[in-house]
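# Observations on chain architecture
These are the residues of each chain, in order.
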Amino acid sequence: RSKATVSVLNWKGRARGPLHTPRSSQLCSGGSDDQMVKEAVPEKKPSELEKNALGKGGAAEKSLVPKAKKESDLVEDICYRAAGQDVSDLHNMRVEDEFAGPIYPLPEYRGQIKNLREGNPDWVNLDAAEHSAGLTSGMRSDLKHIYGENALTPPDEKSELQKFVEQFTGFFSLLLIVGGLLCMIAYGADTEGTENLFLGLVLFIVVTITAIFTYQQESASADMMKKFQKIGASKLNVLIDGQTKNIEITEIVPGDIFRLNNEVLPPCDCRVVRNSNDFAVVEASLTGEPDAIKKNSKTSEKPDDRALSQKNIVVAGTEITAGEAWCMAIATGDQTVMGRNYKLMLKTREEKDDSPIRKEIDRFVEIISAIAIALGVVFLIVNIMVVGVSVEAIVFTIGIIVANVPEGLLATVTVSLALTAARMKDVMVLVKNLEAVETLGSTSVICSDKTGTLTQGRMTAVRAVVNGELLSTYPMATASWGAKPPSGADKTPFYELQKCATFCGSAEFKGPEDRPSIGGAPSVPWERLEWDDRAMIKGDPSEKAILVFNEQRLAQFENFGVNGFSKDSEDASAKTNSILPVSFEGMKNCLLAKEGWEEGRQWDAKNIAMNSSRVAAARREYPCIDRLPFDSKNKWMAVTTDLRKLNGEDDYVTWIKGGSDVVYDFCTHTYADGKVVELSAKNRRDFAENNVLLASQGLRVFAFAKVVVDTLKGKSVAKADAPAYFGESMLKPDNWAPGEMNEEGKVMEAGTPKPITVAGKPQIPLVRPDIAARRMKETGDSEHYFVPKVVFLGLLAMQDPPRPAVPRAVQICRQASIGVVMVTGDQPTTAAAIARDIGIITAAGKTEDDVVMEKLKSEPGKSLADFKTDRERVLNSLKTEEKDSISAMAVEGSRISKWNPKAMDSNWTKALGYCWKEGLVFARTSPTQKLLIVQHFRIKESEGGPEKIVAVTGDGANDAQAVTAADIGICMGIAGVEVTREAADMVLMNDNFASIVDGVLEGRLIFDNLKKSIAYTLSSNIPEISPFIVFILLRVPLPLTTVLILCVDLGTDMVPAISLAYETKEKDIMKRAPRTKTDNLVTERLISFSYFQIGVIQALAGFFSFFSVMYSEGYAPEDLPGSGELAGYFTPGGPPFGGFSVQENLKSQSMAQTAFFCSIVIVQWADILICKTRRLSLFDQGMKNDQLNFGLFFETALACFLIYVPGVSVIFGMQKLRFVYWLPAIPFSILIFTYDETRKWIIRHHDDVLDFFRWQKEKGLMRNEYNEQLYWEGYAQEGAGKDWPTDEDWTEEEKKAHQQKTESLSKAAKRIEKAARWLDRFSYW
């Protein structure tokens, strides 16, 4: 290898970074070395850097050096230039063009290939790629040094220690840490009491435990993600040093030569060197286009085409569906199309806001901190004013602040998120970020892919037309053409269509091979897989659908359609009644031993009969003697098979399959009553109607026909001589001669196959009667030319059917007021049809196409067959009322490109509004347009946007930016590529949309349970704070100490608060609208409920218990004001009070304080029960939460432990209570429960009350008792069809009396409505 080569490559590596790859004009654009020099960048005076790169090279080498470029120019040329669009433009969402990848080859490197080939002449053999030598080990070492590994560079990973420390930096964690430090400060100021030291340690322990727990959960998710990403091939055979070596995919470098087929995903961006004729690639992961695209080694006619537009470029992340090709790596790792998309994704993710739940928790902490600090400062000022500055005043203030901090909430949040993550894993959802689950619960719009998410990701035959009748074929158990043709129908055309579908195809199943375990899910043995779950060797999705269609039905005949098999064993005498019987021996030959079996182990007879492919066996036993492959231009194929073994009427049959319009034009006959008859006008009209109907439903329609060869009878080539006629000579293609013209008079390319004839002499046009008749007339040769009978058999319509659980999931989303929007790369008709099937477009929804079809049907002489030609005319002629009837929308991507890319305009407003009407679909969208849709849904209301919380699903690299930009990104686990998995917050390991709805439910449940926990925790703040207020204002003995407050907050309340995280969903949780931006975790309603309703009742219970115990101990309530610690009493060194000694005073006060503590525990019994639900009655919800039931027991047992265990009560300053001292708080607990059940009942029913009064105002006067009775009946039955009395039926006195009555009721209605509104505003939290 020359030094010049090394210097040029090293210069590129230093000057441009790892963005570029050496490419040749010859390999990447098909030109010669001379052309390469001509196409190189114009010569200019080289810089010092370029001189160093050139070394001693001559003038010719100078022309290979590119012009110096600015970094922005480099980005524009190399990364994402699409008609002048650079990376920053793409990020800012210009939509004139869409992402299409870089130009290959890059102009800067068109010369480097020459140097490589001079260093290694046998590097690549263009004529026989398999005989290439490949790069040398030395070259590969240098290239790897420049370009690095063939892997996406992960974002900067934080160390495990850093991740752990970050768990302590949350706003809530910091608040608890500050509270702990304040307790330590208080302990330092007053070391006589240990309660502050105890409290500080407990707060630190709480923060540490929750941090460890959260860290473990997120680490487990990260580990699962790493395991998930390792699924797939990791090695590849590459030509190195003239030998084939199996190396890790990460070791591939630009210039490596390797072979790709449908078992190997492209490991990098590569150029096709040599390929088979059927080599095809699906680029859905990058473009969203589900159809296979043929690739070859020919250069694009447009040298500036993007990577995804060039037929000779295969990019990483795509899937090979057929054929094989020898390829050369031209871009690896971050330099690939996927790698560049990955970098943009990382940049977008860095700019992403915090999750809604994180914002809510931070907001809650701010509110609680403000309240706590404000109360602390107020109490400090009052304390200083009353008793002056003292250590006790400072300690007292710290106690007030700490008492207001809900110490258990952090643990509740962590447990809630962790429990939900575990439940989500059970439904095959991997949660990468725990907070993402709650975000999903807040979602108001879900933008979902179609293929593989809403649908099963596989084409399926769902409709058929036979004998002019439209039939369903899926699911087979309920289809009108299920296992067998419809009863009573002529079975001949059904069976003939099955035969045609069997032979007219090339798709084949792989041999027995167990699927790998995905995401921890158990692997399914191959023999238990359904036919449509089995992997293919070759064939596109439509071919596979037809193959599965036949396998399922051929197995329904006697003995599974196999001769030589009966029941569970081999039986040579057994026969089957199958239309295409196959032998048991043939089935054996089609079924290999399962991989991993030890030598000598075999399948049993039943496994062979059930699991071997009948289609494969039939194709072997009824051989193909000629084939005309499918051609994308002609859109049909033909196969001639030898059916002599069937002993039927036809020994040789030519079967035809292709586009419905094309094949039907060939047909001259059809079946009727088991006989072949000529096509009638009615037959043709029925076909046109069915064909348009199926196409309008977005189905891919195939027509099937056969050519009857009995017309050979009486010819010189008689039927008896047919074997020789249909012999080996026919397998040789009949090509166009130089200058020969086709039937339209067009000169065809010499050497290419003739698409309308079977090879060999005599030439017989098998499937074009019009051409056959013309040739027979022109030649006068009736011996070798004849007009065949082409018999139409029927239609099969393919669709990627919805997943079974999706329609129900979409319905649940509608009930929950969540808009589901389909965003797909498919055609609008296909997308709209699927959307209608699954409920995204409702049954009542009408799109533009629906309205156009209705109007076409109403026009004289028009039918659905005129839809394509007349659509625009009819659409432009629609009247206003007809336009208003459009209630659903299917928007094509080309329309979006004309809308405002950065702000809302009338187009966006109108389109997005359909999401909450009858349905919205975006079709033929590019990745850029998908990102635009997400961004416009999120535009703030202040800027005219809907301001929704958006969830987005994606699987391909083209979805990564939209997934990242959404509030929550969801990636498909099976179909998803690494880039999008990295971008997503959640991964659906089963690719099932219904799992998203499970996530929405779980997210709403998290928010509900956090609100319940906060409501429960905050309620006890009032009975904890009010004693200090009364203590200062009335100067009574202190009813509750800070130590007892901590016993409530960190003791009795902790487990019940956490147990609410285990609360099951309320029945109406998925019938509520998504929470709005004003529906915060802590609202004025919740504060009103916890502080001013329940909290006040709890405080009254505490004071009632305190004063009752003091009264029982001899202290009258009226004597206590002015006699507390602030007055000098009830202190160790103070005077006695009430005729008791100081010790007796302190003991009585301690007993009353203990009663106050117990009262909080008792009223919290009721509080935890009412916090189980936000709207529903406890009797509807039930007591199924075992953790909460345990929490009730725990707080009671802990209170008893603190009070009655010797030594413990002394530590916490408590006294043993008589049983009677527990009783004063019980009525208050009952009051809380009764009050809340009444409140919830009114909230659940107040809308009905309001509706009654609104109805009353609309319906008019209640004029007498009879009319009043009608009124009430009308309220229940909307009048029940009865006529209201007229004015002539009443006297003036009656009118006046009832007018007064009506006005009175109207005023009452307004008062009730106002009260209901007040109740709704301040009570529903």
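Residues numbered from 1 in each chain as written. Predicted model: local features only at pLDDT ≥ 70, side-chain atom pairs only at ≥ 80, totals over all residues. Heavy atoms only, no water.

## Section: the environment of Leu 1060
Looking at the secondary structure, you find Leu 1060 in the loop between α41 (1054-1059) and α42 (1084-1112). Residue classification places Leu 1060 among the buried residues on the basis of a relative accessible area of 0%. Remark: the alpha-carbon pair of Leu 1060 and Leu 1188, spanning 128 residues in sequence, is separated by 6.5 Å. Among all residues touching Leu 1060, those that are not within four sequence positions of it are Asn 1009, Lys 1012, Ser 1013, Tyr 1016, Ile 1168, Cys 1171, Lys 1172 and Leu 1188. (Helix = DSSP H or I, 4+ residues; strand = E, 2+ residues; numbered from the N terminus. Buried < 20%, exposed > 50% of the residue type's maximum accessible area, 1.4 Å probe, protein only. Contact = heavy atoms within 4.5 Å.)

## Quick word on the side chain of His 669
With respect to the secondary-structure elements, His 669 resides in strand β23 (residues 669-672). Residue classification places His 669 among the buried residues on the basis of a relative accessible area of 12%. Aside from chain neighbours lying at most four places away, what touches His 669 is Val 676, Val 677, Glu 678, Leu 679, Lys 789, Val 790, Val 791 and Phe 792.

## Describing unusual backbone geometry
A cis amide bond, omega -10 degrees, links Tyr 474 with the succeeding residue Pro 475. With respect to the element layout, Pro 475 can be found in the loop between β13 (469-472) and α19 (492-503). Of note, the phi angle at Asn 467 is positive, near 55 degrees, even though the residue is not glycine. Mapped onto the elements of the fold, Asn 467 is located in the loop between β12 (460-466) and β13. Relative accessible area serves as the criterion here: at 41%, Asn 467 is assigned to the partly exposed category.

## Considerations on the sheet that holds strand β6 (residues 292-294)
Spatial ordering of the open sheet is given by β6-β5-β8, a layout of 3 strands whose pairing is antiparallel. Looking at strand neighbours, the two that pair on one side only are β6 and β8 (319-322), the edges of this open sheet. Strand after strand, the sheet turns through a mean of 40 degrees between neighbouring axes, direction not considered. Note: strand β5 (residues 280-282) against β6, 3 bridges, orientation antiparallel. Across the sheet, residue Ala 280 finds its bridge partner in β6, namely Lys 294. (Pairing = 2+ DSSP bridges. Axes fitted to C-alpha atoms, helices over the stretch in contact; angles between N-to-C directions.)

## Considering the pairing of strand β3 (residues 257-260)
In terms of strand pairing, strand β1 (residues 235-240) meets β3 through 2 bridges, oriented antiparallel. Note on β3: the bridge partner recorded for Leu 239 is Ile 257. Pairing between β3 and strand β9 (residues 325-331): 4 bridges, direction antiparallel. Within β9, the residue paired with Phe 258 across the bridge is Cys 327.

## Quick word on the sheet that holds strand β28 (residues 889-892)
Note on sheets: strands pair through backbone hydrogen bonds, and any given pair is parallel or antiparallel. An order of β10-β32-β31-β30-β11-β27-β29-β28 is seen for the 8 strands of this open sheet, with the pairing classed as mixed. The two strands at the open ends of the sheet, each matched to only one other strand, are β10 (429-431) and β28. Going across the sheet, the axis of each strand differs from the next one's by a mean of 20 degrees, ignoring polarity. With 3 bridges connecting them, β10 and strand β32 (residues 986-988) associate as antiparallel partners. Bridging across to β32, Val 429 finds its partner in Leu 988.

## Observations concerning the nonpolar core
In this structure, Met 822, Ile 840, Phe 993 and Phe 1157 are the most contacted members of the largest nonpolar core, which totals 141 residues. With 14 residues, helix α43 (residues 1142-1170) is the largest single contributor of residues to this core. (Core = buried A, V, L, I, M, F, W, Y, C linked by side-chain atoms within 4.5 Å.)

## Considering helix α28 (residues 806-815)
One turn of the α-helix equals 3.6 residues, which is why residues spaced by three or four share an orientation. Of the residues making up α28, those classed as buried are Val 806, Ala 809, Val 810, Ile 812 and Cys 813. Here the buried residues of α28 occupy an arc of 155 degrees about the axis, which is enough to place them on one side. (Arc of directions from axis to C-beta.)

## Observations regarding the packing of helix α40 (residues 1042-1052) against α43
The geometry of α40 relative to α43 is characterised by a closest axis approach of 10 Å and an angle of 30 degrees between their N-to-C directions. By the angle between their axes, α40 is roughly parallel relative to α43. Seen along the crossing, α40 lies across α43 with a hand that is right-handed. Residues Leu 1044, Cys 1047, Val 1048 and Thr 1052 of α40 lie in contact with α43, whose contacting residues are Gln 1153, Thr 1154, Phe 1157, Ile 1160 and Val 1161. Class assignment for the residues of the contact of α40 with α43 results in 6 nonpolar, 3 polar and no charged. (Parallel < 35°, antiparallel > 145°, perpendicular 65-115°, else oblique. Left-handed = near helix turned anticlockwise from the far one by under 90°. Nonpolar A, V, L, I, M, F, W, Y, C, P; charged D, E, K, R; others polar.)

## Overview of a nonpolar patch on the surface
Together, Ile 373, Val 377, Ile 381, Met 385 and Val 386 give the surface a local cluster of nonpolar side chains, amounting to about 470 Å² of exposed area. Here Val 377 lies in helix α15 (residues 356-387). (Patch = residues over 30% accessible without salt bridge, like charges linked within 9 Å, V, L, I, M, F, W, Y side chains within 5 Å. Areas by Shrake-Rupley, 256 points an atom, 1.4 Å probe, with all protein chains shown as cover. Salt bridge = Lys/Arg side-chain N within 4 Å of Asp/Glu carboxyl O.)

## Details of the packing of helix α38 (residues 994-1019) against α42
One way to put it is that α38 packs onto α42 with a least axis distance of 8 Å and a crossing angle of 40 degrees. Between α38 and α42, the interaxial angle falls into the category oblique. Considering only the axes of α38 and α42, their crossing is right-handed. Here α38 contributes Lys 1011, Ile 1014, Ala 1015, Leu 1018 and Ser 1019 to the contact with α42, which in turn contributes Leu 1086, Ile 1087, Phe 1089, Ser 1090, Tyr 1091, Ile 1094, Gly 1095 and Gln 1098. Among the residues forming the contact of α38 with α42, the class breakdown is 8 nonpolar, 4 polar and 1 charged.

## Examining the packing of aromatic side chains
For the structure shown, the criterion picks out 26 aromatic pairs. Ring centres 6.1 Å apart and planes at 80 degrees place the aromatic pair Trp 916 and Phe 937 in the edge-to-face group. Within this pair, whereas Trp 916 is found in the loop between α34 (906-913) and β29 (920-923), its partner Phe 937 is found in helix α35 (residues 927-937), the two being separated by 21 residues in sequence. A relative accessible area of 35% means that Trp 916 is categorised as partly exposed. Ring geometry for Phe 1104 versus Phe 1228: centroids 5.7 Å apart, planes at 50 degrees, classification tilted. Of this pair, Phe 1104 sits in helix α42 while Phe 1228 is found in helix α47 (residues 1226-1259), placing the two residues 124 residues apart along the sequence. Here Phe 1104 falls in the partly exposed class, since its relative accessible area comes to 42%. Members of the aromatic cluster, joined through ring pairs, are Tyr 1115, Tyr 1129, Phe 1130, Phe 1137 and Phe 1140. (Phe/Tyr/Trp six-rings, centres within 6.5 Å; stacked < 30°, edge-to-face > 60°.)

## Notes on the environment of Leu 1034
If you trace the backbone, Leu 1034 turns up in the loop between α39 (1021-1033) and α40. Distance in space between the C-alpha atoms of Leu 1034 and Leu 1120 is 8.7 Å, their sequence separation being 86 residues.

## Remarks on the pattern of salt bridges
This structure, assessed with the given rule, holds 30 salt bridges. Between Glu 1066 and Arg 1072 there is a salt bridge, and its shortest N-O distance comes to 3.5 Å. Each member of the pair Glu 1066 and Arg 1072 is classed as buried. One salt bridge connects Arg 1239 with Asp 1236, and the closest N-O pair in it is separated by 2.6 Å. Taken together, the residues span about one helical turn, with Arg 1239 and Asp 1236 both in helix α47 at a distance of 3 residues. Arg 1239 gets classed as buried once you look at its relative accessible area, which sits at 2%.

## Here we look at the environment of Leu 795
With respect to the helices, strands and loops of the structure, Leu 795 is situated in strand β26 (residues 789-799). According to the relative accessible area criterion, Leu 795 is buried, its value standing at 1%.

## Overview of the pairing of β1
Bridging between β1 and strand β2 (residues 243-248) involves 6 bridges; their strand directions are antiparallel. By the bridge assignment for β2, Ile 240 is matched with Gln 243. As consecutive antiparallel partners, β1 and β2 are separated by 2 residues, and within that stretch Asp 241 has a phi angle of approximately 55 degrees, a positive value.

## Looking at the confidence of the model for the protein chain
Of the residues in the protein chain, 72% have a pLDDT of 70 or more, and the chain-wide mean is 75. Within the model, the stretch residues 1-115 combines pLDDT values under 50 with 228 contacts to residues more than four positions away or in other chains. Across residues 756-766, confidence stays below pLDDT 50; counting only partners more than four residues off in sequence or on other chains, it has 40 contacts. (pLDDT = per-residue confidence, 0-100.)

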